[in-house]
Amino acid sequence: MTQDELKQAVARAAIEYVVDGEIVGVGTGSTANFFIDELGKIKHRIKGAVASSEVTAERLRGHGITVFDLNEVDSMPVYIDGADEITPQGAMIKGGGAALTREKIVASVAQKFICIADGSKLVDVLGKFPLPVEVIPMAQSVVARKLASLGCEARLRLKDGKPLVTDNGCYIIDVIGLAITDPVALEASINNIVGVVTVGLFARQGANVCLLGTADGVKKLEF
Ligand code: 5RP
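The structure displayed is predicted, hence computed values, not measured ones.

Chemist: If you had to explain the nonpolar core to someone new, which residues and values would you point to?
Modeler: Taken as a class, soluble globular proteins show a tendency for nonpolar side chains to be buried jointly. Within the largest apolar cluster, 25 residues are counted, with the highest numbers of intra-cluster contacts made by Val 24, Phe 35, Leu 39 and Ile 80. Of all the secondary structure elements, the ones that give two or more residues to this core are α1 (3–14), β1 (23–26), α2 (30–41), β2 (48–51), α3 (54–62), β3 (76–81), β6 (110–118) and β14 (209–214). At four residues, α2 tops the list of elements feeding residues into this core. Residues contacting Val 24, with those up to four places away along its chain left out, are Phe 35, Leu 39, Ile 46, Gly 48, Ala 49, Val 50, Met 76, Val 78 and Ile 80. Within the second largest apolar cluster, 24 residues are counted, among which are Leu 126, Val 135, Ala 144 and Ile 173.

Below is the structure:
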């Protein structure tokens, strides 16, 4: 099976977690896109969705799914999203698609985080994938220096030769070369750096379930 077929398989499996008549939180990325396409097929069963990015909102609307502003929603049963890396304990690196802050905000309102990922995303120790950190633009240099003092490389993410600008008008610094053995502690300490909006570590509030696409079928991990 190709990586896309594995992503499609977990996207289909995630439909089982969608609660009829409710609002579903929807992530960002290629796996989330497959999920949105599946959600479109059962859109009559749900009230609508909250999107974790502008691109996800656009895709949801393209399927005729009502997109709610998070300020109109007190709680939702599930948030469904991909990950760049996930551990057997359910801690994740997210933000490869630069949507980490809105992803973390929407996930915080959901009762359960359902992670959908192909098997290549499962790792024992987080950090091979560059850790994204969203920063206020005027703080990019000072934050980069503080991150580099952790003994890693801190690189501003570029798009077409210019700093990539997130949906929140901020920048992303990718942290390269960290072996993250204590993700909960690192999440707290990076979030504490002045100028950081959010770090793409989802450990204090990680996944509750991971649907992992493998050659032997979709495996379910519960945390
Ligand atoms: C976007 C994310 C994505 O969930 C993550 O990058 C995984 O993407 P994909 O499903 O394309 O592999 O965090 O900010």
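Chemist: Which residues make up a nonpolar patch on the surface, and what values do they have?
Modeler: Side chains of Ile 136, Met 138 and Val 197 sit close together on the surface and give an oily, nonpolar patch of about 300 Å² of accessible area. For Met 138, the location among the structural elements is in the loop between β7 (131–135) and α5 (140–148). Met 138 gets classed as exposed once you look at its relative accessible area, which sits at 77%.

Chemist: Give a description of α1 that names residues and reports values.
Modeler: In an α-helix there are 3.6 residues to a turn, and that puts residues three or four apart on one side. The terminal C-alpha atoms of α1 lie 17 Å apart, and with 12 residues this matches the ideal 16 Å at 1.5 Å per residue to within 8%. Among the residues of α1, Leu 6, Lys 7, Ala 9, Val 10, Ala 11 and Ala 14 are the ones counted as buried. Of the surrounding elements, those touching the buried residues of α1 are α2, β3, β6, β14 and β15 (217–222).

Chemist: So what about the side chain of Glu 134? Which residues, and what values?
Modeler: Examined against the element boundaries, Glu 134 turns out to sit in strand β7. Summary of buried charges: Glu 134 has no salt-bridge partner, and the nearest side chain of opposite charge, Arg 102, is 7.2 Å away. Side-chain polar atoms of Glu 134 contact the side chain of Thr 101, separated by 2.6 Å. Among the polar contacts listed, one links the side chain of Glu 134 to the side chain of Asn 168, at a separation of 3.1 Å. Contacts of Glu 134, omitting those with residues within four sequence positions, involve Leu 100, Thr 101, Thr 166, Asn 168, Cys 170, Tyr 171, Ile 172, Gly 195, Val 196, Val 197 and Thr 198.

Chemist: Outline the site of the ligand, supporting the account with residue identities and numerical values.
Modeler: Around the ligand sit 17 residues in total, of which Ser 30, Thr 31, Asp 84, Gly 95 and Lys 121 are the nearest. Contact distances for the ligand include 2.5 Å between an oxygen atom and a side-chain N or O atom of Thr 31. At a separation of 3.3 Å, an oxygen atom of the ligand approaches a polar backbone atom of Gly 82. In the complex, the protein chains occlude 91% of the 380 Å² of accessible area that the ligand would expose alone. For the shell around the ligand, the per-class residue count stands at three nonpolar, eight polar and six charged.

Chemist: Tell me about the packing of α2 against α3, and name the residues and values.
Modeler: The axes of two packed helices give the description: the angle between them and the distance between them. Relative orientation of the contacting elements α2 and α3 amounts to 25 degrees, with a least axis distance of 9 Å. Looking at the two axes, α2 sits roughly parallel to α3. Seen along the crossing, α2 lies across α3 with a hand that is right-handed. Contacts from Asn 33, Ile 36, Asp 37 and Leu 39 of α2 reach α3 at Thr 56, Arg 59 and Leu 60. Taken together, the residues of the contact of α2 with α3 sort by class into three nonpolar, two polar and two charged.

Here is what the cut-offs are and how they apply
Residues numbered from 1 in each chain as written. Predicted model: local features only at pLDDT ≥ 70, side-chain atom pairs only at ≥ 80, totals over all residues. Heavy atoms only, no water. Core = buried A, V, L, I, M, F, W, Y, C linked by side-chain atoms within 4.5 Å. Buried < 20%, exposed > 50% of the residue type's maximum accessible area, 1.4 Å probe, protein only. Helix = DSSP H or I, 4+ residues; strand = E, 2+ residues; numbered from the N terminus. Contact = heavy atoms within 4.5 Å. Patch = residues over 30% accessible without salt bridge, like charges linked within 9 Å, V, L, I, M, F, W, Y side chains within 5 Å. Areas by Shrake-Rupley, 256 points an atom, 1.4 Å probe, with all protein chains shown as cover. Salt bridge = Lys/Arg side-chain N within 4 Å of Asp/Glu carboxyl O. Expected span 1.5 Å × (residues − 1). Lys, Arg positive; Asp, Glu negative; His and termini not counted. Polar contact = N/O pair within 3.5 Å; in protein donor to acceptor, adjacent residues only side chain to side chain. Near = heavy atom within 4 Å. Nonpolar A, V, L, I, M, F, W, Y, C, P; charged D, E, K, R; others polar. Axes fitted to C-alpha atoms, helices over the stretch in contact; angles between N-to-C directions. Parallel < 35°, antiparallel > 145°, perpendicular 65-115°, else oblique. Left-handed = near helix turned anticlockwise from the far one by under 90°.

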